[in-house]
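# Observations on the three-dimensional arrangement
What follows is each chain in one-letter form.
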Amino acid sequence: MSPVHARIRFAGVLAIVFMVGAAFSGCGDNGIGDDAGSIAALAGGPGGPGYFDGSPSDPVRFDSPSAVAVTTTGDRFVADTENHVIRKIDASGNVTTFAGAFGVSGSKDDTGAAARFNRPAGIIADGTTLYISDTGNHTIRKMIASSGIVTTLAGTPGTEGFSDNPAGPENVLFRSPEGITVGTIGFEKILFVADTGNHSIRRVSLNGTTVTYAGSGTPGFDDAAGTSASFNSPRGVTVTSDGTSIFVADTGNHAIRKITPAGNVGSVSTLAGDGTPGFLDNVSSLFARFSSPRNLIAVGSTLFVADTGNHVIRRVDTTFPGSVNTLAGFPQVPGFSDGAGNEARFNGPQGIGIQDGISTLFFVADTQNHVVRQVTVGGAVTKVAGNPPRAGLVNATGESARFDAPAGVAVIGDDVFVSDQGNGTIRKITSPGVATSFTGGVFNAPQGIVAQGSDLYVADSENHAIRKVTSAGVVSTFAGSDAGEPGFVNETGTAARFRSPKGIATDGSFLYVADTGNHAIRKIGLGTGIVTTVAGDGLPGMPSDTPSRFKSPEGIAVLGSDLYVADTGNHAIQKVTPAGFVSTHAGSDAGVPGFADDTTGTAARFDTPRGIAAVDSILYVADTGNHAVRTISTLRKVNTFVGNSGAATTRNGDSTDGLMNAPVGITGVPGTIYFTDVNENVVRKILF
């Protein structure tokens, strides 16, 4: 990459002379930092939960996809659960958002992006019509693939319950339905729904009339007919092509159940598993063991089961006495790799779908890998779309290095130090991107980190302490319990108490701590270790409260004589004066999240900001929920430096192309901002 020179922009001619004074007097607006030059990776391998549409060469992201269905055109539709959308993967592997809006939950019947879902977790195709279990809305939705029109077929949006109506769709209630399938029973096309929260299988006609087909409504493990049978949180259901049998992934019972039509209800028997979780393979069905199976499909007399807790795809022969074996994945070993049979790895696969009339391959929603996979009936596994997390602890260079939820970041000279939260250690990255372990794994979810001279101070969050790390990597407890005891006590050194501190900053004489669990800002003398409270009283609240309060603050920065706090739960940046007076500097003064740019003060909006840094006289905010780094000028004007609230992925490039995925830790020096992209397990830099 060619060198990028710093670009400095001022609001007026006199700002050159009065730049420092303007930062504190309000005479003019220092616009340094409004324009980023480029964004680049420093270390770590990208991938993980997020959101981005694109081609196979683009950084496409899903967030916990739970189900996949295939229309007769060959298009694959994915219930992208945590993104509250339905995604489409075409034959070339291009991913688009077909219905719903990224990150916006709700219930609205409309077309395409105007429709709303709430954690959809089940989907099935009938030709080019799709039926969706809109789990968080407790409803069954219908979507036309040719037009994107979404309607509600059955259930009352936002109202959970257990109510049938065999005469029409009115007053039908579900409770967190998940699995859904379609089949022909007699001469009628029918939907069967795994009504998970009601521990039952519901039969839904295409006009919305609904009856309970099997299950008592309370958890249990009983073979019987109709409501005399019982299930335990069933999450998957499928029907054979001839309509003679329905099979259920009885998740809480770790079993596969069979339902045979018996008039208007179904007669339930157990095909495989006996209620005991585990893994037993290559045995007859009743001796097999599953672990929370979530979904299944029928191909002739064979079932393919997403055995979620065992991280494998199982094959079940439904002919008596039946047999169970593993088609793909390595039992009880989560991971990600393509390959055949036990060379492949899955991580909590939940959804499984197949195209009607094609029996040689199917598709799997590999939920905790946040990808969609293709699996042949021979067990060959390949990735279709999405990019899995690459978390780990690997000391290497650039993209070959591995981190696990990196949080705080600090700079000493040319080196960057990172709180590697999931690995419980502090990592060091040199300017060429060489990552090494600077300390052992002696921390518990370390978060904020700040440099003072050649020493580092770390907010050791789950140890409820502030730790000191010397230039030799020696770790000691500077303040707070050295035994991991939380509390809210102003004292000296290890007699003081914190509760899940996450942010830390220094002015050279004192450390300032965002004591997240205590909803307070604390101050520690570097020379004395004496801990006092600057603001907050241990209770969550607003700056306008008496006394002034915060809500789970996670970031803190020093600018001049004032403190600036990323008040995470209030979605705002608060200013704290030396006298302890707290006011909203930018963002909602009523705790309202959102995204509003090119605005000033309380007209701006943030979403869960978790980090903040001061460079020159500009504040840089890790606006985590908006997947962006924002700037706040000396006159409180808020702009987006890099990122896009409509995307959550890692993409390097210039400021218009660069994207990020949940930035958390942030620090900087003139010309460079460093931050951690926590969902991607990478450390990155912005040049300006």
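So, about the packing of aromatic side chains. Evaluation of the coordinates by the stated rule reveals 10 aromatic pairs. Between the aromatic rings of F304 and F362, the centroid separation amounts to 4.9 Å while the plane-to-plane angle is 35 degrees, which identifies the pairing as tilted. In this pair, F304 is assigned in strand β19 (residues 302-307) and F362 in strand β24 (residues 361-366), connecting sequence segments 58 residues apart. F362 carries the same exposure label as F304, and that label is buried.

Once that is clear, we can look at the sheet that holds strand β50 (residues 672-677). Strand order in this open sheet of 5 strands is β48-β1-β51-β50-β49, and the pairing throughout is antiparallel. The sheet terminates laterally at β48 (653-654) and β49 (663-669), the two strands that pair on one side only. Of the strand pairs in this sheet, β49 and β50 are connected by 5 bridges, and their pairing is antiparallel. Its bridge partner lying in β50, G668 is registered against I673.

Looking at the secondary structure, you find A79 in strand β3 (residues 76-80). Taking the relative accessible area as the measure of exposure, A79 reaches 0% and is therefore buried. Note: C-alpha distance between A79 and A121 (42 residues apart in sequence) is 5.7 Å. Ignoring any residue separated from it by four or fewer positions in sequence, one finds A79 in contact with S64, P65, S66, A67, V85, I86, P120, A121, G122 and I123.

So, about the side chain of T506. Here T506 shows up in strand β35 (residues 503-506). At a separation of 3.0 Å, a polar atom in the side chain of T506 contacts the main-chain amide nitrogen of G508. Of the polar contacts made by the side chain of T506, one reaches the backbone oxygen of F510; its length is 2.8 Å. Contact partners of T506, with chain neighbours within four places excluded, come to V450, A451, Q452, L511, L526 and V558.

This brings us to the pattern of salt bridges. Side chains that differ in charge, positive against negative, can pair when their charged atoms come close. Summed over the entire model, instances satisfying the criterion amount to 36 salt bridges. With a closest N to O distance of 3.0 Å, R141 and D109 form a salt bridge. Here the residue R141 occupies a position in strand β8 (residues 139-144), and D109 occupies one in the loop between β5 (95-99) and β6 (122-126), the gap between them amounting to 32 residues. Look at D109 and you get partly exposed, because its relative accessible area is 39%. We note a salt bridge from E188 to R203, for which the minimum N-O separation is 3.5 Å. You can see E188 sitting in strand β11 (residues 188-195) and its partner R203 sitting in strand β12 (residues 200-205), a full 15 residues away along the chain. Within this structure, D53, D80 and R87 form a network of salt bridges that share partners.

Burial within strand β7 (residues 129-134) is extensive, with 6 of its 6 residues counted as buried. Along β7, one buried face is formed by T129, Y131 and S133 and the opposite face, lined by L130, I132 and D134, is buried too. With 5 bridges connecting them, β6 and β7 associate as antiparallel partners. Considered in β7, the bridge of D126 is made with T129. Counted between consecutive antiparallel strands, the loop separating β6 from β7 contains 2 residues, among which G127 sits at a positive phi close to 65 degrees. Inspection of the sheet shows β7 paired to β8 by 6 bridges, in the antiparallel sense. For D134, the partnering residue across the bridge sits in β8 and is T139. Between the end of β7 and the start of β8, which pair antiparallel, lie 4 residues, with H138 showing a positive phi angle near 60 degrees.

Conventions we followed
Residues numbered from 1 in each chain as written. Predicted model: local features only at pLDDT ≥ 70, side-chain atom pairs only at ≥ 80, totals over all residues. Heavy atoms only, no water. Phe/Tyr/Trp six-rings, centres within 6.5 Å; stacked < 30°, edge-to-face > 60°. Helix = DSSP H or I, 4+ residues; strand = E, 2+ residues; numbered from the N terminus. Buried < 20%, exposed > 50% of the residue type's maximum accessible area, 1.4 Å probe, protein only. Pairing = 2+ DSSP bridges. Contact = heavy atoms within 4.5 Å. Polar contact = N/O pair within 3.5 Å; in protein donor to acceptor, adjacent residues only side chain to side chain. Salt bridge = Lys/Arg side-chain N within 4 Å of Asp/Glu carboxyl O.

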